[in-house]
Amino acid sequence: MPKDKTQSHIRIIEAAKKEFMEYGFQDASMRRIAGEAGIQVGGLYKHFASKEEMFASLVDPMIEELMRVYHIEEENEFEAIGAPEIKEIWKNREETTQTMTFIYDHLDEFKLLICRSQGTQYENFVHEFALLEEKTTMRYMQELKAKGIQIKDVDPKEFHLLVTANIEAILQTVVHGFTREEALHYAKTLDRFFTSAWLALFI
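Now for a quick tour of the structure. (Residues numbered from 1 in each chain as written. Predicted model: local features only at pLDDT ≥ 70, side-chain atom pairs only at ≥ 80, totals over all residues. Heavy atoms only, no water.)

Glancing now at the overall build of the protein chain. Each helix and strand counted, the protein chain has 10 helices and 0 strands in total. Mapped from its N terminus to its C terminus, the protein chain presents α and β elements in the order α-α-α-α-α-α-α-α-α-α. By its C-alpha atoms, the protein chain is 65 × 30 × 30 Å across when sized along the principal axes. Partitioning the contacts of the protein chain with sequence separation of at least 6, the portion at a separation of at least 24 is 78%. (Helix = DSSP H or I, 4+ residues; strand = E, 2+ residues; numbered from the N terminus. Contact = heavy atoms within 4.5 Å.)

Here you go:
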């Protein structure tokens with residue numbers, strides 16, 4: 001990502017964000033971005049090699065932070081394995097609430113990523129994140145088995161669809177324009193709903 005912190009660069013970033021938020025990546029106009037930033041179109045390419053690089057500069061920092069937080073939580077959950085019952089392991093989980101808080105701390109970036117990224121490398125973000133969560137969860141279940149905790153086997157194809165449905169359920173707050181308050185209330189509902197569902201599936 002470009003590191004230029006000049007006033008021109010800052011104006012371009014602000015103009016690009018406004019343009020992508022309104023029109024999405026595919027319909028965004030480099031000419032309009034340049035006009036909003038107060039420079040010639042050719043001047044944009046002194047800061048960004050392409051429109052997609054410009055889009056990436058807006059979402060990549062958030063994605064990097066998301067992955068950092070995700071892997072910290074992953075490590076914490078694996079370290080906590082050891083309770084005698086899976087119900088105790090998943091008791092009082094607030095994973096969805098934590099995720100929703102992160103989303104609403106970076107709401108504009110998520111709007112770009114989920115609603116405005118068609119035509120970019122990020123348009124399959126939900127699918128790719130679901131694959132990561134699926135892989136992590138299955139490894140977690142194997143670790144539970146290794147600790148002597150009884151877990152049912154689940155059809156991999158069905159599990160993939162359920163994980164994807166879980167993630168998409170969370171992100172629908174962005175699609176439907178929930179306020180932070182509405183989203184956090186919904187997150188608690190999802191935590192209750194999916195915790196019960198996962199327990200019914202695996203035990």
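Additional details are given in the paragraphs that follow.
Ranked by internal contacts, the top residues of the largest apolar core, which has 54 residues, are Phe20, Ile33, Met54, Ile103 and Phe110. When residues of this core are traced back to their parent elements, those giving at least two are helix 1 (7-27), helix 2 (30-37), helix 4 (51-79), helix 6 (95-105), helix 7 (107-115), helix 8 (125-146), helix 9 (156-175) and helix 10 (180-202). The element that contributes the greatest number of residues to this core is helix 4, accounting for 10 residues. Those residues in contact with phenylalanine 110, other than ones at most four positions away along the chain, are Met62, Leu66, Phe102, Ile103, Cys115, Leu171 and Val174. (Core = buried A, V, L, I, M, F, W, Y, C linked by side-chain atoms within 4.5 Å. Buried < 20%, exposed > 50% of the residue type's maximum accessible area, 1.4 Å probe, protein only.)

Glancing now at the pattern of salt bridges. Taken as a whole, this structure holds 7 salt bridges when the rule is applied. For the salt bridge of arginine 32 with glutamate 19, the shortest nitrogen-to-oxygen distance reads 2.7 Å. A residue pair is termed long-range when its members are at least 10 positions apart, and arginine 32 in helix 2 and glutamate 19 in helix 1 qualify at 13 residues. (Salt bridge = Lys/Arg side-chain N within 4 Å of Asp/Glu carboxyl O.)

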